[in-house]
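Breakdown of the fold
Read off the chains here:
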Amino acid sequence: MIRLSRALERTKSSRGRLDKERALADAFALIGRDSLDEDSAGSLRVAVRLATGAVTASAPIGVGFSLMQEVIIAETGWDSEVVRACSRTCGDMAEAFGLLMQRVRGADRRSGVSLSDVARTFELLAQASSRAHKRRHLDELFHRATPLEAKYLAKVILGSLRTGALEGVVENAIARAFAQPLEEVRRAATLVTDPGELAVLARDGRLAEASMSIGAPVAFMLATPIETVATTLSPAQWTVEDKYDGVRAQLHLHDGEAIVFARGLERVTETFPEVARAAAERGRGRTFAIDGELLAVGEGDKPRPFMALQQRLGRKAPTAATLAATPVAFIAYDLLAIDGKILLEFPLADRRALLAELTDALDCPEIRLSPSTPLLDALDPLDPLETDALSEPTPELDVAEVARRLDGAFAAARGRGHEGLVLKRNDAPYEAGRRGQSWLKVKRAFATLDVVITAAEEGHGRRAGVLSDYTFAVWRDEGDARALVNVGKAYSGLTDVEIDDMTRRLTALTLGRYGGARLVRPEIVLEVAFDGLQRSKRHKSGFALRFPRIVRIRTDKTAEQADDVATVEKLFASQVGAGHREEGEAKTRGRGRRGMTEKGETTRQLGLFGEEK
DNA sequence: GTCTAATCTCTCC
DNA sequence: GTCCGACTCATTCGG
DNA sequence: CCGAATGAGTCGGACGGAGAGATTAGAC
């Protein structure tokens, strides 16, 4: 573990990615070749997993901020105030742990822990259910660890390694360490879910053995967001599909057993029993692996927003009532393998054709084919001239014209209740695990709204020392008085200069006064962009902006804000439906000041509303 | 002792 | 999921 | 022809709301 910790330290301090890669490669080579442990393959497996920030191959260990803080207090002997203050200064609790550990007598002369110790402890943690048991396992581990080891173990456990090297760099490092072609490593990485296993295959020169098999998940192919079409896009080569507001999933049928894999590649079959049952029953005697989206459907098979689906997510054994209340359909849009044949290298057009045959044969409402249209058709389906042009070989369309017509197609998709559009290249293979240029998701500029800053929190990590996460509000007229109503939060979209400026203004007024201060800077007005509204439990007004970001800051401009509440309410009504408003408000109860976020660390509410407790 | 509320962690988007 | 900035690598530009 | 400037592409790391499930703390 000490070797790995040193390598991670070196990785963290070097700026260039190539340097990081070399540091990791050296460590992997050393650990994989002649580990201090008898089991060098096992050590390599653990080392590589830790380097990518993963604790175990699959099971979560159920240790987070709170428990880790307890351990740090116990291990270093400092009280929670010191630990918190130190974390705030470092911007990272694990970093603080390392520093405080150095001052523990004899800690730097400890022999340290082995990688197999670490692996064993993590396994025990994953199995342990009670907090007390977890605590015991953690104490045992950290009591033997050196300060450097403790720091990196804590980083991994807290999920923020921040060395500037994750999967991509680690894959390069594996290739370098064991002199394997990078392409081979990358290819295998999309098929082997555990990076540790990948490293062992590379070390033994067995990368070629990695192949897709039905029943084992493949990394999902992702789409690159675009605002408008690129100049080079030739419409005839592309197909359009609606972009669904659901959960990405893979549906495998192998040996009569249907398995559903979620985005993180873990099994969620029990969560969606109706889909699995349909696959098993209707697909009897066949094998396949379909890529698609789990979508909540309502009356008349209308798609429902993600919020509805969320009530099904994470349910280990949904009750009949839940299944009935939130029916789900698997919308199939790609075929990765069928009847033993792997299709990843096939062009999309061929995969789609086979998929259509399959869904046709399955013929059930739980598994449906996602409609797809040639881009030329989708651009202007109502224009008969264009339909004629289809029969012509590669009709030419001006880029601006394509972009303009894409707007119409986009609006049509929204009209069908979907999130937007995805463009896919007909001749592209399935690029597992990559966010390539073969799939493009079309996004639109967000609507904007002027709001007022009412609170800010201290940032952590790279944002340590500045205020971030601004809570904002709009004005509401109440008789003669005007009140501010919280509507949401934003945390990015500011340049450094703007953050500094904002920090100065806010710091001067609010820092040192937190703890219930209801101070507001109404003259600081932000223009916030957002892509929709959601009902919110956290905000008193009962809704929140979804994915807000700050577009622009202005000051001393409050007079024009009077209509903002009306604007929000109108948008809210159109997004969520007027009927939900009361429900949202009734259910909503301010959580009050928690002092810390889930991640804990150093975030504090600095200024708050009078309305909130 | 039992029931309920709060807290914590994880993981979808 | 969104967004931003840093880094790499390839291409173009200018002396 | 070669080095500097530029641009595209990739990657990592800042973060959000929300719900479920497990455990623990608290109320009666």
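Here is a short report on the structure shown in this document.

What follows is about the packing of aromatic side chains. Within the structure shown, the criterion is met by four aromatic pairs. Centroid distance Phe97 to Phe142: 5.3 Å. Interplanar angle 55°. Geometry classified as tilted. Placement of Phe97 in helix α6 (residues 93–102) and of Phe142 in helix α8 (residues 131–144) is noted, with a sequence separation of 45 residues between them. Relative accessible area serves as the criterion here: at 0%, Phe142 is assigned to the buried category. Judged by centre distance (6.4 Å) and plane angle (80°), the rings of Tyr333 and Trp439 are edge-to-face. On the criterion of sequence distance, the pair formed by Tyr333 in strand β6 (residues 328–338) and Trp439 in strand β11 (residues 435–442) is long-range, its members being 106 residues apart. Tyr333 gets classed as buried once you look at its relative accessible area, which sits at 7%. Among the residues examined, Trp439 registers a relative accessible area of 3% and is labelled buried.

Attention shifts here to the nonpolar core. In this structure, Phe28 and Ile174 are the most contacted members of the largest nonpolar core, which totals 68 residues. The leading source of residues in this core is helix α3 (residues 40–51), at seven residues. Once you skip the residues sitting within four places of it in the chain, Ile174 turns out to touch Phe28, Val48, Val185, Pro195, Leu198, Ala199 and Ala202. Judged by nonpolar contacts, the second largest core, of 30 residues, contains Ala308, Ala332, Leu343 and Leu358.

Okay, the pattern of salt bridges next. Counted according to the given criterion, the structure contains 34 salt bridges. Across the pair Glu75 and Arg110 runs a salt bridge, and its minimum N-O distance is 3.8 Å. Of this pair, Glu75 sits in helix α4 (residues 65–76) while Arg110 sits in the loop between α6 and α7 (115–127), placing them 35 residues apart in sequence. Per residue, the accessibility class of Glu75 equals that of Arg110, and both read buried. When the shortest N-O distance is used, the salt bridge between Arg312 and Glu274 registers 2.9 Å. On the criterion of sequence distance, the pair formed by Arg312 in the loop between α14 (306–310) and α15 (320–325) and Glu274 in helix α13 (residues 273–282) is long-range, its members being 38 residues apart. A relative accessible area of 0% means that Arg312 is categorised as buried.

Across its twelve residues, α4 extends 16 Å between first and last C-alpha, which sits within 8% of the 16 Å expected from 1.5 Å per residue. Along α4, the residues that are buried comprise Phe65, Leu67, Met68, Gln69, Val71, Ile72, Glu75 and Thr76. Packed against the buried residues of α4 are α5 (80–90), α6, α8 and α9 (147–158). In the segment just after α4, Gly77 is the residue with positive phi, at about 85°.

With that out of the way, let us pick up unusual backbone geometry. As a rule of thumb, non-glycine residues mostly have phi less than zero, and peptide bonds are mostly trans rather than cis. Here Arg162, not a glycine, exhibits a phi torsion of approximately 50°, which is positive. Its place among the elements puts Arg162 in the loop between α9 and α10 (167–177). For Arg162, a relative accessible area of 37% gives the class partly exposed. Phi angles above zero are rare outside glycine, and Asp339 is one such case at about 45°.

Every regular strand shows the same layout, with side chains that alternate between the two sheet faces. Counting buried positions over the nine residues of strand β5 (residues 288–296) gives nine, a clear majority of the element. Of the pairings in the sheet, the one linking strand β3 (residues 247–254) to β5 comprises seven bridges and is antiparallel in character. Within β5, the position partnered with His252 by the bridge is Ala289.

Turning our attention to the packing of α8 against α9. The packing of two helices is summarised by the inter-axis angle and the distance between the axes. Remark: α8 packs on α9, axes separated minimally by 9 Å, with the N-to-C direction vectors making an angle of 145°. For the pair α8 and α9, the sense of crossing is right-handed. In this structure, α8 uses Leu138, Leu141, Phe142 and Arg144 to contact α9, whose residues at the interface are Glu149, Ala150, Leu153, Ala154 and Ile157. Across the contact of α8 with α9, the residue classes break down as seven nonpolar, no polar and two charged.

Helix length check: α8 (14 residues) gives 21 Å between terminal C-alpha atoms against 20 Å at 1.5 Å per residue, within 8%. Lining the buried residues of α8 we find α4, α6, α7 and α9. Of the residues that open α8, the one with a side-chain oxygen 3.3 Å from the backbone nitrogen of Ala132 is Ser130.

Contact geometry for helix α1 (residues 2–13) and α9: axes closest at 9 Å, N-to-C directions at 70°. When the interaxial angle is binned, α1 and α9 end up roughly perpendicular. Together, Ile2, Ser5, Arg6, Leu8, Glu9 and Lys12 of α1 and Leu148, Glu149, Lys151, Tyr152 and Lys155 of α9 make up the contact between the two elements. Across the contact of α1 with α9, the residue classes break down as four nonpolar, one polar and six charged.

Before going further, it helps to spend a moment on the environment of Ala54. Mapped onto the elements of the fold, Ala54 is located in the loop between α3 and α4. In the structure, Ala54 is positioned 352 residues away from Leu406 in sequence and 41 Å away in space, judged by C-alpha atoms. Setting aside its immediate chain neighbours within four residues, Ala54 contacts Arg49 and Val156.

Across the six residues that make up strand β2 (residues 238–243), a large majority, five, are buried. In this sheet, strand β10 (residues 420–425) lies alongside β2 in antiparallel orientation, the contact comprising six bridges. Following the sheet pairing, Thr239 is matched in β10 by Lys424. Pairing of β2 with strand β9 (residues 372–374), which is carried by three bridges, proceeds in the antiparallel orientation. Counterpart to Val240 in the pairing with β9 is Thr373.

Next up on the list: the side chain of Arg352. As for its placement among the helices and strands, Arg352 is situated in helix α16 (residues 348–362). The class of Arg352 is buried, set by a relative accessible area of 13%. Among the polar contacts made by the side chain of Arg352, one reaches the side chain of Glu241 at a distance of 3.3 Å. Apart from residues lying up to four places away in sequence, Arg352 is in contact with Glu241, Tyr333, Leu369, Ser370, Pro371 and Ser372.

The strand order β1-β11-β10-β2-β9 describes an open sheet built from five strands, whose pairing is mixed. At either end of the open sheet lies a strand with only one pairing partner, and these are β1 (222–226) and β9. Shown here is a sheet whose adjacent strand axes are inclined to one another by a mean of 35°, direction ignored.

What follows is about the environment of Glu366. Residue position: Glu366 is located in the loop between α16 and β8 (367–369). Taking the C-alpha atoms as reference points, Glu366 and Ser80, separated by 286 residues in sequence, lie 52 Å from one another. Leave out the neighbours within four places in its chain, and Glu366 touches Glu274, Val275, Ala278, Ala329 and Phe330.

Calculation criteria
- Residues numbered from 1 in each chain as written.
- Chains lettered and ligands numbered in written order.
- Predicted model: local features only at pLDDT ≥ 70, side-chain atom pairs only at ≥ 80, totals over all residues.
- Heavy atoms only, no water.
- Phe/Tyr/Trp six-rings, centres within 6.5 Å; stacked < 30°, edge-to-face > 60°.
- Helix = DSSP H or I, 4+ residues; strand = E, 2+ residues; numbered from the N terminus.
- Buried < 20%, exposed > 50% of the residue type's maximum accessible area, 1.4 Å probe, protein only.
- Core = buried A, V, L, I, M, F, W, Y, C linked by side-chain atoms within 4.5 Å.
- Contact = heavy atoms within 4.5 Å.
- Salt bridge = Lys/Arg side-chain N within 4 Å of Asp/Glu carboxyl O.
- Expected span 1.5 Å × (residues − 1).
- Pairing = 2+ DSSP bridges.
- Axes fitted to C-alpha atoms, helices over the stretch in contact; angles between N-to-C directions.
- Left-handed = near helix turned anticlockwise from the far one by under 90°.
- Nonpolar A, V, L, I, M, F, W, Y, C, P; charged D, E, K, R; others polar.
- Polar contact = N/O pair within 3.5 Å; in protein donor to acceptor, adjacent residues only side chain to side chain.
- Parallel < 35°, antiparallel > 145°, perpendicular 65-115°, else oblique.

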